[in-house]
Amino acid sequence: MEMNEMYESLGIGKPVLEFGLKIEERLKERFQAIDETAEYNQMKVIRAMQQCRVSDIHFAATTGYGYNDLGRDVLEEVYAKAFCGEDALVRPQVMSGTHALHIALSGNLRPGDELLSPVGKPYDTLDEVIGIRDAAGSLKEYGVTYRQVDLLPDGSFDFEGIRAAINDRTKLVTIQRSKGYATRPTLSVDQIGELIAFVKSVKPEVICMVDNCYGEFVERKEPLEVGADMIVGSLIKNPGGGLAPIGGYIVGRKDCVERAAYRLSAPGLGKEVGASLGLNQSFFQGFFLSPTVVAGALKGAIFAANIYEALGFDVVPNGSESRHDIIQAVTFGTPEGVIAFCKGIQAAAPVDSFVTPEPWDMPGYDAPVIMAAGAFVQGSSIELSADGPIKPPYAVYFQGGLTWYHAKLGILMSLQKLWEAGIVSL
Ligand SMILES: *Cc1c(COP(=O)(O)O)cnc(C)c1O
């Protein structure tokens, strides 16, 4: 069977495939640069595993309290080495990125302290952690106040505003690397370094934490290499490589990681407890695969940006700008566009390809949301996934793809659905 026949057998028509291949042809150089970053980061991970003498004994399961879980301890050493931290907490008991951020913040802040975000409002799920929206158990309830300095209209840091916001009580500064679902640009690691240097010039003892979600392995450097004290993320995003079925991590300064561990388990227990329940092999292997998985997801994001930009839609980031996370937004301007796109992503999935996603009223959202995900790990967004609220400007956010070929098929399928619905002409 020829390649085009293979695509046709999956439902991709000739005009769609030809349009896609024409776009792909233009991206060769960028894809090569992405492969080089993956190669570099692959070496970084292998070197860390070798230095920590990873061995098959580390894949054994522990249960119960999990005292002396060798695999867990060595996994944390590998994360610390690869991300250039003194120490790490990498656990299945950390249930999500939000949970990891919660323990990093609440473990390191005390009543009377102030938390500062100098990059605008943090990711939505932190509203209740911080107490931006009142919630039981928020930092606000424990007497931790919050201050925020927005980015300037051109997306740059408001250095004077930040200087004015730092005070006697400022204890921790939280910097979100990825734009998440905001419209600001994602920060590069160098930009984060510049911001941290400024914050520390005003108040050297401030703890600088970076929400690293979706950023891992996109660049050669990670934020700990430019002065961050802690980086925090989810294992069902980039660093789990698609294999971790759950988990979160914190890497950084030993005292910061330890305080987070006391919050995760209990004062006095810290990192000493927490059985790995047989998940260590998936964590090691997923971390090993992560640089190439991230490369595939990045190629997919750039491919989609270029396809939909060529068709006249607004895309963020645009087709040519440099990338600092794996998220792509496309604004279709109509509900039908968002729905057709998500149906295409779903139809291309290895799991649940036969279901049709529909918009629904999700708790916590003010408009119906449509989500497409045919994932091996539920909710995993390093796997190809898309979602969009059905409200103006009718934008869809998508990310992931465990392989470039799957990401490519998903995007071609989205185009196929838009074309069949008469939303685009080719
Ligand atoms: C995903 C994400 C989070 C929260 O992670 P969950 O695993 O969904 O709880 C926090 N910050 C950013 C930037 C994210 O992308």
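Throughout, a residue's number is its position along its own chain's written sequence, starting from 1. pLDDT decides what is reported in this predicted model: residues at 70 or higher carry local features, side-chain atom pairs at 80 or more are listed and counted, and totals for whole chains, interfaces and linings draw on all residues regardless. Only heavy atoms go into the side-chain values, all of them from the structure, while hydrogens and water stay out.

Under an unreviewed UniProt entry, the name given to the protein chain is Methionine gamma-lyase family protein, and the source organism is Candidatus Lachnoclostridium stercoripullorum.

For the rest of this paragraph, the subject is the site of the ligand. Summary of the distance rule: residues count as near a molecule or strand when at least one heavy atom falls within 4 Å of that molecule or strand. Inspection of the region around the ligand gives S96, G97, T98, L101, Y123, Q176, D211, C213, Y214, S234 and K237 as its neighbouring residues. In protein, a polar contact means a hydrogen-donor-capable atom and an acceptor-capable atom, both N or O and within 3.5 Å, with residues adjacent in sequence counting only if both atoms are side-chain atoms; elsewhere, any N or O pair within 3.5 Å suffices. The separation between an oxygen atom of the ligand and a polar side-chain atom of S96 is 3.5 Å. At 2.5 Å from an oxygen atom of the ligand is found a side-chain nitrogen or oxygen belonging to T98. In these tables, accessible area is a Shrake-Rupley quantity obtained with a 1.4 Å probe, and a residue counts as shielded only by the protein chains included in the view. For the ligand, whose free accessible area comes to 370 Å², the fraction covered by protein is 88%. In DSSP terms, a helix is any run of H or I states spanning at least four residues, a strand is any run of E spanning at least two, and both are numbered starting from the N terminus. The element that contributes the greatest number of residues to the shell around the ligand is helix α5 (residues 97–108), accounting for three residues. For this scheme, ten residues count as nonpolar: Ala, Val, Leu, Ile, Met, Phe, Trp, Tyr, Cys and Pro. Four count as charged, namely Asp, Glu, Lys and Arg, and the remainder, Gly too, count as polar. Grouping the constituent residues of the shell around the ligand by class yields four nonpolar, five polar and two charged.

Here the focus is unusual backbone geometry. That bond from V316 to P317 is cis: its omega, -5°, falls within 30 degrees of zero. Secondary-structure assignment places P317 in the loop between β8 (314–316) and β9 (328–331). Note the cis peptide between P392 and P393, where omega equals 5°. Relative to the helices and strands, P393 resides in the loop between β11 (385–389) and β12 (395–399). Of note, the phi angle at R53 is positive, near 55°, even though the residue is not glycine.

Let us look at the nonpolar core. Counting 101 residues, the largest nonpolar core has Y79 and Y308 as the members making the most contacts within it. Considering each element in turn, this core owes the most residues, 14 residues, to helix α10 (residues 280–310). Apart from residues lying up to four places away in sequence, Y79 is in contact with A88, V90, L235, P239, Y249, V251 and F287. Note on terminology: a nonpolar core comprises buried Ala, Val, Leu, Ile, Met, Phe, Trp, Tyr and Cys residues joined through side-chain atoms within 4.5 Å. Partly exposed residues are those whose accessible area sits between 20% and 50% of the maximum for their type, while under 20% is buried and over 50% is exposed, using a 1.4 Å probe and protein chains only. Ranked by size, the runner-up nonpolar core spans 24 residues in total, among them A100, L109, L126 and L172. Contacts are assigned to residue pairs with any non-hydrogen atoms lying within 4.5 Å of each other.

Next up on the list: empty space enclosed by the protein. Lining residues are defined by having an atom within 4 Å of a point belonging to a cavity or pocket. Those points lie on a 1 Å grid over the protein atoms alone, cavities being sets where a 1.4 Å probe fits but cannot get out and pockets being open sets with protein on both sides within 12 Å along at least five of seven lines. Grid points are joined across faces, edges and corners, and a volume is the space filled by probe spheres set on the points. The tally for this structure, following the rule as stated, stands at two cavities of 30 Å³ or more. Here the largest cavity is characterised by a volume of approximately 40 Å³. Looking at the largest cavity, the residues that line it are N4, E8, I12, G13, K14 and L17. Within the residue set of the lining of the largest cavity, elements represented by two or more residues are α1 (3–9) and α2 (14–25). Classifying every residue of the lining of the largest cavity gives two nonpolar, two polar and two charged. Taken as a whole, the second largest cavity holds about 30 Å³ of empty space. Along its surface, the second largest cavity is lined by S117, P122, L126, T174, Q176 and D211. In terms of residue class, the lining of the second largest cavity is made up of two nonpolar, three polar and one charged.

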